[in-house]
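Letter by letter, the chains look like this.
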Amino acid sequence: MTSSERDKYDKIMDLSRRRGIFWTSFEIYGGVAGFYDFGPIGVLIKRNIVNQWLKYFVYSRENIVEIETPIINPRVVFKASGHEEHFTDPVLVCNKCGRVYRADHLIKDLLNIEVEGWSPEEITKLVQEKELKCPECGGDFAPAFNALLLFTTQIGPYRGETAYLKPEHAQGMFINFPHLFKILRNTLPLGIAQVGRVARNEISPRQGLLRLREFNIMEIEFFFDPEEADREVSRVVSDVEDEKLWVLTADMRLKNIEEPAEFTVRELIDRKLVKTPWLAYWMGIGNKFVKSLGVPPDKIRFIEKLPHERAHYSAQTFDQEVLTEKFGWIEVAGYAYRTSYDIERHAANSNADFEVFKKFEEPIIVKKELAYPNPSEISKLVGSEKTREVLQSLYSRKPEELARELSEKGYVEVQGFKLPANCFYVKREEEKIHGKKFYPHVVEPSFGVERLIYVALEYAYTEREGKIVLKLPPQLAPYHVAVFPLMAGNKPEHVKMVEIAKSIYKRLVARGFRAVYDDDGSIGRRYARADEIGIPFAITVDHQTLEDNTVTIRDRDTTEQIRIEISSIEKYLVEKLGLEQFL
RNA sequence: GCGGCGGUCGUCUAGCCUGGACUAGGACGCCGGCCCUCCAAGCCGGAGAUCCCGGGUUCAAAUCCCGGCCGCCGCACCA
């Protein structure tokens, strides 16, 4: 098989191993599925992708802050979030044939006993007591266990508290919302970002970097007031309102339409295709961000999840997908409208106050009627021995409610007695209401870093005359520039070239450029090595340099060279690398 | 997890069916040296593989058998 016939995926995996981008972890012990090590070049590319994301999603937005929270979380967090409930299947495995059963389903079918919520130990005990065998082969069952996609650990070295490794960052932001809301002086909207590692104990990880057991997520939980969303979005939407996205909505899917249509962010909002305009806003930012990684716009699409495909917390979800050669369309991000689901859950499970106070422009004046029991009249009507009981029952109800019943029916019914108006003191008053409390809603854009690395590599991968050229966007390249002496021999002019090249290299590094120096092998070989890892520019010190202080700068993508003064190298690079511009 | 296919220097591969001369061969890459005025040049030398791991059959296993691990494909799973 020649190199051009092997598929791009294999070639990228080869390149990645060979040049130190990434490779299977624990290789010397045979490897473990779902884990990858990142090498010297890989960590640089990865960091650049993260930095690019921070630029687009955090640093250039108002009211978005970044935090870091632990990977190890006490169990209560994922109880409150619903993960434990939705992520745990008690499983029975047959020792003889290896078949796997959902324990609760099997026991319900065979013994008609409901064991939902039982611990694995209790299930195991029941299986032993009832001598339950595998219905397929009659074999014995191994002890039951919970098939969790959450990794389990303990806090404390022995007899510790059960804990989980987080499978997403979201809970870290939700938990911290009350605190951060105060730190940021009670302002909505408020976006909380987090970048870092998460872990999911996938049943069967595959497909290289696409399905990992430990990986990095870049996520924002964006808290906002649903009633103010239109107004607040209109203040910032100019950044993205004309951004064109390819979108396939759930409605279109239900009509068996398979091809997405092009919408601007503005159209998604105006045509109410999104349940909150913030969803469209972040999708617009996300579209720009993924394009900046080198993916053409027509290779990016947003697919709305159908109701039954959505997670339990989501009112509307779009997946952002990128077309790859190897795997077809792959999900690189999800945009979920989580409403107030999560913070209401945490509010219910803790004593923290997640509600936000919203002041009205003008206080609202509410006219109220209040009815208070008149004990002496009630006593006359119900008799002295019943008075106490009736009064207690009336005091447990709100005065407003009593007034309402009284005005609607003409009496208040309690313990079989119908109490007329004269049994109550009725009071009319005006109340000024200055505002209200509410749970903010949340929109969550969430990106998988490793998937983006794969996508960026696939779009960057090209070959020229049988050699690999990684055409990464300059901002993702592991190095900005390589510096070479044309010759590195022992002749005096060669020694001089090495000296000048090294000084240029040192100066560039000192000025904050990521640069490499290389004098090993022929000049052509060094260009080829630089091309392979996507270094956009190569500076060569040659004989002419010794005469007039100029060097050549070679462009990775065209191999064309121009000659410039040593003193103007920095200016040239800043301009060509696009380092002065943001978005 | 189930089924199918696969795993030999860093990479690609020869050998496996038909066990023995395999001390596992080659190419590319890598390392050292020489030589070189710009795109993987040339010459000389070198390192690099307990043939994925474990067990079995055999006088003898890279080669045959069993189990495991890892990968690819399909199914299932994917809050």
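None of the values given here were measured: they were computed from a predicted structure. (Residues numbered from 1 in each chain as written. Chains lettered and ligands numbered in written order. Predicted model: local features only at pLDDT ≥ 70, side-chain atom pairs only at ≥ 80, totals over all residues. Heavy atoms only, no water.)

Participant: Got a minute to help me understand the packing of aromatic side chains in this structure?
Facilitator: Think of a pair of aromatic rings as described by two things: how far the centres are apart, and how the planes are tilted against each other in angle. A full pass over the atoms with the stated rule returns 28 aromatic pairs. Ring centres 6.1 Å apart and planes at 85 degrees place the aromatic pair Tyr 335 and Phe 447 in the edge-to-face group. Here Tyr 335 is found in strand 16 (residues 328-339), whereas its partner Phe 447 is found in strand 21 (residues 441-448), with 112 residues between them in sequence. Judged on exposure class, the residue Tyr 335 and its partner Phe 447 are both buried. Between Lys 46 and the ring centre of Phe 38, over which it is positioned, the NZ or CZ distance is 4.4 Å. Here the basic side chain of Arg 338 rests over the ring of Tyr 313, its NZ or CZ set 3.6 Å away from the ring centre. (Phe/Tyr/Trp six-rings, centres within 6.5 Å; stacked < 30°, edge-to-face > 60°. Helix = DSSP H or I, 4+ residues; strand = E, 2+ residues; numbered from the N terminus. Buried < 20%, exposed > 50% of the residue type's maximum accessible area, 1.4 Å probe, protein only. Lys NZ or Arg CZ within 6 Å of the ring centre and 35° of its normal.)

Participant: So what exactly am I meant to see when it comes to the sheet that holds strand 28 (residues 561-565) here?
Facilitator: The strands making up a sheet associate through hydrogen bonds between their backbones, and the pairing can be parallel or antiparallel. Strand order across the open sheet formed by five strands is 25-24-26-27-28, with mixed pairing between neighbours. The outermost strands of the open sheet, each flanked by one partner alone, are strand 25 (515-517) and strand 28. Each neighbouring strand pair of the sheet contributes to a mean axis angle of 25 degrees, computed without reference to strand direction. For strand 24 (residues 481-485) and strand 25, the ladder comprises three bridges, and the chain directions are parallel. Paired with Val 483 across the two strands is Tyr 517, which belongs to strand 25. (Pairing = 2+ DSSP bridges. Axes fitted to C-alpha atoms, helices over the stretch in contact; angles between N-to-C directions.)

Participant: Please explain the nonpolar core as it appears in this structure.
Facilitator: One broad trend across soluble globular proteins is that nonpolar side chains are buried collectively. Counting 87 residues, the largest nonpolar core has Trp 53, Trp 282 and Phe 289 as the members making the most contacts within it. The biggest single contributor to this core is helix 2 (residues 40-59), with ten residues. Composition of this core by domain shows at least three residues from each of domain 1 (3-77 + 150-342 + 442-449) and domain 4 (479-582). Residues in contact with Trp 282, not counting those within four places in the same chain, are Phe 57, Arg 61, Ile 64, Ile 220, Phe 222, Tyr 335, Val 443 and Pro 445. With 20 residues, the next largest nonpolar core counts Val 483, Ile 504, Ile 566 and Leu 573 among its residues. (Core = buried A, V, L, I, M, F, W, Y, C linked by side-chain atoms within 4.5 Å. Domains from an automatic or database assignment. Contact = heavy atoms within 4.5 Å.)

Participant: I'm lost on helix 12 (residues 341-349) in this one. Help?
Facilitator: The α-helix winds at 3.6 residues per turn, so residues separated by three or four positions along the chain end up facing the same way. All buried positions along helix 12 are accounted for by Asp 342, Ile 343, His 346 and Ala 347. Each buried residue of helix 12 sits inside an arc of 135 degrees when the element is viewed along its axis, so together they form one side. Buried residues in helix 12 make contact with helix 3 (75-80), helix 7 (170-183), strand 11 (214-224) and strand 16. (Arc of directions from axis to C-beta.)

Participant: Please clarify how unusual backbone geometry should be interpreted in this entry.
Facilitator: In terms of backbone geometry, most residues other than glycine have negative phi values and most peptide bonds are trans. For the bond running from Leu 188 to Pro 189, omega is -5 degrees, close enough to zero to count as cis. Although it is not a glycine, Arg 185 sits at a positive phi angle of roughly 55 degrees. Mapped onto the elements, Arg 185 comes out in the loop between helix 7 and strand 10 (190-199). Judged by relative accessible area, Arg 185 falls into the exposed class, the value being 70%. Phi at Asn 549 takes a positive value of approximately 60 degrees, unusual for a residue other than glycine. Here Asn 549 shows up in the loop between helix 19 (543-548) and strand 27 (550-555).

Participant: Is there a simple way to think about the packing of helix 7 against helix 12 in this case?
Facilitator: Following both chains from N to C, one finds helix 7 and helix 12 inclined at 60 degrees, their axes separated by 10 Å at the closest point. One finds that helix 7 runs oblique with respect to helix 12. Classified by chirality, the crossing of helix 12 by helix 7 is right-handed. Where helix 7 approaches helix 12, its residues Gln 171, Phe 174 and Ile 175 are matched on the opposing element by Asp 342, Ile 343 and His 346. In the contact of helix 7 with helix 12, the residues fall into three nonpolar, two polar and one charged. (Parallel < 35°, antiparallel > 145°, perpendicular 65-115°, else oblique. Left-handed = near helix turned anticlockwise from the far one by under 90°. Nonpolar A, V, L, I, M, F, W, Y, C, P; charged D, E, K, R; others polar.)

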